[in-house]
Amino acid sequence: MQRSTNRLKLLREKLEIKKLDAVLVSSTINRHYLTGWAADSESGYLLITQKKAFLITDSRYTEEALEKVPHFQMREIGRDENFWEKLFTEVEGSRIGFEGEDLSVAQFKNFKKHSSAKKLVSTTNLIEKLRAKKDSNEIRLLQKAAFISDQAFKHILKNIKVGQTEKEIAVELEKFMKDLGAEKNAWDPFIVASGPNSSKVHYSAGERKLKKGDQILLDWGGVYQGYCSDISRVVFLGSPSKKQAEVYNLVLEAQKKGIEQVKVGNANKNVDLAARTFLNENSKFAFGHSVGHGVGLAVHELPMVNFRTKEKLEEGNVITVEPGIYEPLWGGVRIEDMVLVTKEGPVVLTKAPKEIKQVIV
C-alpha cells in the first residue's frame, strides 16, 4: 500500500504540471502499477484526482478489488445509465486526462458523451515515465524473473540436441520456467531460430529440426509476480565454423561496448551508437532495430534505447542491450541482457553464459 501511495503522489505532481484536475487510467498495466492489483484487461478503470482515487469495476471483480485495493474508493458499474456523469461530478475542476494511446475511439466517444461539463485531454506516457524508474522491490522482482530465465537456458544447454524441432525447444523453455515459478511467458511465441532461420530477426519457432553445425538463436522471457525478463543467446551444435565464431565474437564485443555506456546521466542513444558504430565498421549486416528498450511490467516499455531518442539514463532504469548481425540465407546472432542503471555503473541482471566456449554443445 505504501508503494501505491508514493506512486499516486508522483502522479499527482505530474497532473499539476500538466494542469490536469484528474486522469482516467484505462491501461491494464498502469492500473497494476498504481494499485498493486494484477487484474485482467476487463477489470475496469482508475480515476485519480488530487484528493481522491477511484477504482471503477463491475460485479465480477468487486469482491476481489475490495480485498486487494482497499485504499481506493470502489465504484461498481451497474445498470445506472448516469454512472459516469455522477462520477465525473466528483472531480473538482474541468480538465480530465485520458490515456490517448490506450483508450479506443468507441470508449472515448462514450466518455465524451457522459462528461459534457468536462474537457477530456489526451495524455501520452504520463504513467509510463514513472514506471521507467524502478524501486527496490521492482528490481528484486526483475532479478528473480531474470534468474528464472538464466536457469532455463542452463537447462536447455544440457538437453538440446540434433533432431529436436525448434518448437520442442520453445515448449521446454516455457515448461522449465513455469516449474521455477514463472506465471506465464513474457510474450508468445518465443524465438527459437535454427540455421538460416536465425537471420529472421523476429522469427518464432517452427518445425525445422536441429542439425549438426547449426547456430540456434534463442530469445525468451518469463513473468514473475507481474515483472518480465527478456534475454537472447545463441547456441552452437558442434564447434562453430570460422565465420560463425567471427560473427558471434563481433556481436559479443558490440554488446560489451553498449553496456559500458550504461551510466546515470549518459544519453540513451550512446548505448545504441556504441554497439551500432562498431558493428557497422565490421559487418554489412549489422542490426537495424533499436539496441534495446526498457523492461518491467511490460517486456517493452520506457525508456527507449535507440540512436534517435533524446532521453538520458536515470538511476533505476532497467534496459536491454541486444545488438545483432543478421545475414539473409546464412543466419544471425543476437546477444541480449537486461541491465540495471546504478550510480556505480551498469549491473547486468541476466547472467546466463555467453562466452562462445560456454555455448557450444
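Bear in mind that the values here come from a model prediction, so they are computed numbers and not experimental data. (Residues numbered from 1 in each chain as written. Predicted model: local features only at pLDDT ≥ 70, side-chain atom pairs only at ≥ 80, totals over all residues. Heavy atoms only, no water.)

### A few points about the overall build of the chain
Heads up, the condition is: Under the scheme used here, helices are H or I runs from DSSP no shorter than 4 residues and strands are E runs no shorter than 2 residues, and both carry numbers assigned from the N terminus. We compute the radius of gyration over the C-alpha atoms and compare it with the globule rule, which gives 2.2 Å times the number of residues raised to the power 0.38. Burial classes: relative accessible area under 20% of the type maximum marks a residue as buried, over 50% as exposed, and values in between as partly exposed (1.4 Å probe, protein chains only). We call two residues contacting when some pair of their heavy atoms lies within 4.5 Å. Under the convention used here, a 1.4 Å probe and the Shrake-Rupley method define accessible areas, while residue burial counts only the protein chains that appear.
The helix and strand inventory of the chain stands at ten helices and 19 strands. Over its C-alpha trace the chain gives a radius of gyration of 23 Å, about what one expects of a compact globule, namely 21 Å for 361 residues. Once the C-alpha set of the chain is aligned to its principal axes, its extents read approximately 70 × 40 × 35 Å. Every one of the 361 residues in the chain was classed for burial, and the buried ones make up 56%. For the chain, long-range pairs separated by at least 24 residues make up 66% of all intrachain contacts whose partners lie at least 6 apart in sequence. Looking at the chain as shown, the accessible area adds up to about 16900 Å², and 50% of this sits on carbon and sulfur atoms.

### A short note on the sheet that holds strand β9 (residues 215–220)
Applicable threshold: Here, a strand pair is defined by DSSP locating no fewer than two bridges between the strands. Note on method: axes are straight lines fitted to C-alpha atoms, helices fitted across the in-contact stretch only, with angles between N-to-C directions ranging 0 to 180 degrees.
With respect to topology, three strands assemble into an open sheet ordered β8-β9-β12, the strand pairing being antiparallel. Looking at which strands have only one partner, the edges of the open sheet turn out to be β8 (191–194) and β12 (231–236). Adjacent strand axes in the sheet meet at a mean angle of 15°, parallel and antiparallel pairs treated alike. Strands in contact with helix α8 (residues 166–179) are β8 and β9; relative to β8, the strand with the most contacts, it is inclined by about 145°.

### Remarks on α8
The line we're drawing: A helix is expected to span 1.5 Å multiplied by its residue count minus one. It is the directions from the helix axis to the C-beta atoms that the arc portrays.
The end-to-end C-alpha distance of α8 is 20 Å, a good match for the 20 Å that 14 residues give at a rise of 1.5 Å each. Restricting attention to buried positions, one finds in α8 the residues Glu166, Ile169, Ala170, Leu173 and Met177. The buried residues of α8 occupy one face: seen down the axis, they fall within an arc of 100°. Facing away from the buried side of α8 by more than 90 degrees, the exposed set consists of Val171 and Asp179. Tucked inside the fold, the buried residues of α8 contact α7 (136–159), β7 (184–185), β8, β9 and β10 (222–224). One or two steps after α8, the chain reaches Gly181, where phi turns positive at roughly 115°.

### Quick word on the pairing of strand β19 (residues 345–348)
Relative to β19, strand β18 (residues 337–342) runs antiparallel, the two being bridged by four bridges. For Leu340, the partnering residue across the bridge sits in β19 and is Val347.

### A few points about the nonpolar core
Quick note on the threshold: Note on terminology: a nonpolar core comprises buried Ala, Val, Leu, Ile, Met, Phe, Trp, Tyr and Cys residues joined through side-chain atoms within 4.5 Å.
Leu218, Trp220 and Tyr248 are the most contacted members of the largest nonpolar core, which totals 97 residues. With near-sequence residues (within four places) excluded, Leu218 lies in contact with Phe153, Ile156, Ile169, Ile191, Val192, Ile231, Ser232, Arg233 and Val235. Phe83, Ile96, Phe111 and Leu120 belong to the second largest nonpolar core, which has 16 residues in total.

### Quick notes on the packing of helix α9 (residues 242–260) against helix α10 (residues 268–282)
Where we set the bar: To sort the angles, those under 35 degrees are grouped as roughly parallel, those over 145 as roughly antiparallel, those from 65 to 115 as roughly perpendicular, and the leftovers as oblique. With the far helix as reference, a near helix turned anticlockwise by less than a right angle produces a left-handed crossing, and one turned clockwise produces a right-handed crossing.
For the pair α9 and α10, the least separation of the axes is 7 Å and the interaxial angle reads 150°. In terms of axis orientation, α9 runs roughly antiparallel to α10. In this structure, α9 meets α10 at a crossing whose hand is right-handed. Residue-level contacts link Leu250, Val251, Glu253, Ala254, Lys257 and Gly258 of α9 to Val271, Ala274, Ala275, Phe278, Leu279 and Asn282 of α10.

### Digging into the side chain of Gln244
Rules: Polar contacts here mean pairs of N or O atoms no more than 3.5 Å apart (in protein, one a potential hydrogen donor and the other a potential acceptor; neighbouring residues in sequence count only if both atoms are side-chain atoms).
In this fold, Gln244 is placed in helix α9. On the basis of relative accessible area, Gln244 is assigned to the buried category, the value being 9%. Within the local environment of Gln244, its side chain forms a polar contact with the backbone nitrogen of Ser241, the two atoms lying 2.8 Å apart.

### A few points about the environment of Ser43
Turning to its location among the elements, Ser43 is positioned in the loop between α2 (28–35) and β2 (45–49). On the accessibility criterion, Ser43 (2% relative accessible area) is buried. Taking the C-alpha atoms as reference points, Ser43 and Ile56, 13 residues apart in sequence, are found 8.1 Å from one another. Setting aside residues up to four positions removed in sequence, Ser43 forms contacts with Arg31, Trp37, Ile56, Thr57 and Tyr61.

### Some details on the pattern of salt bridges
What counts is decided by this rule: Salt bridges are counted wherever a side-chain nitrogen of Lys or Arg sits within 4 Å of a carboxyl oxygen of Asp or Glu.
Counting across every chain of the model gives 23 salt bridges. Two residues, Glu174 and Lys178, come together in a salt bridge whose shortest N-O distance is 2.9 Å. Note that Glu174 and Lys178 are positioned in helix α8 at a spacing of four residues, about one turn of the helix. A salt bridge links Arg233 to Asp337; the shortest N-O distance between them is 2.8 Å. Taken together, the positions of Arg233 in strand β12 and Asp337 in strand β18 put the pair 104 residues apart, joining distant regions of the chain.

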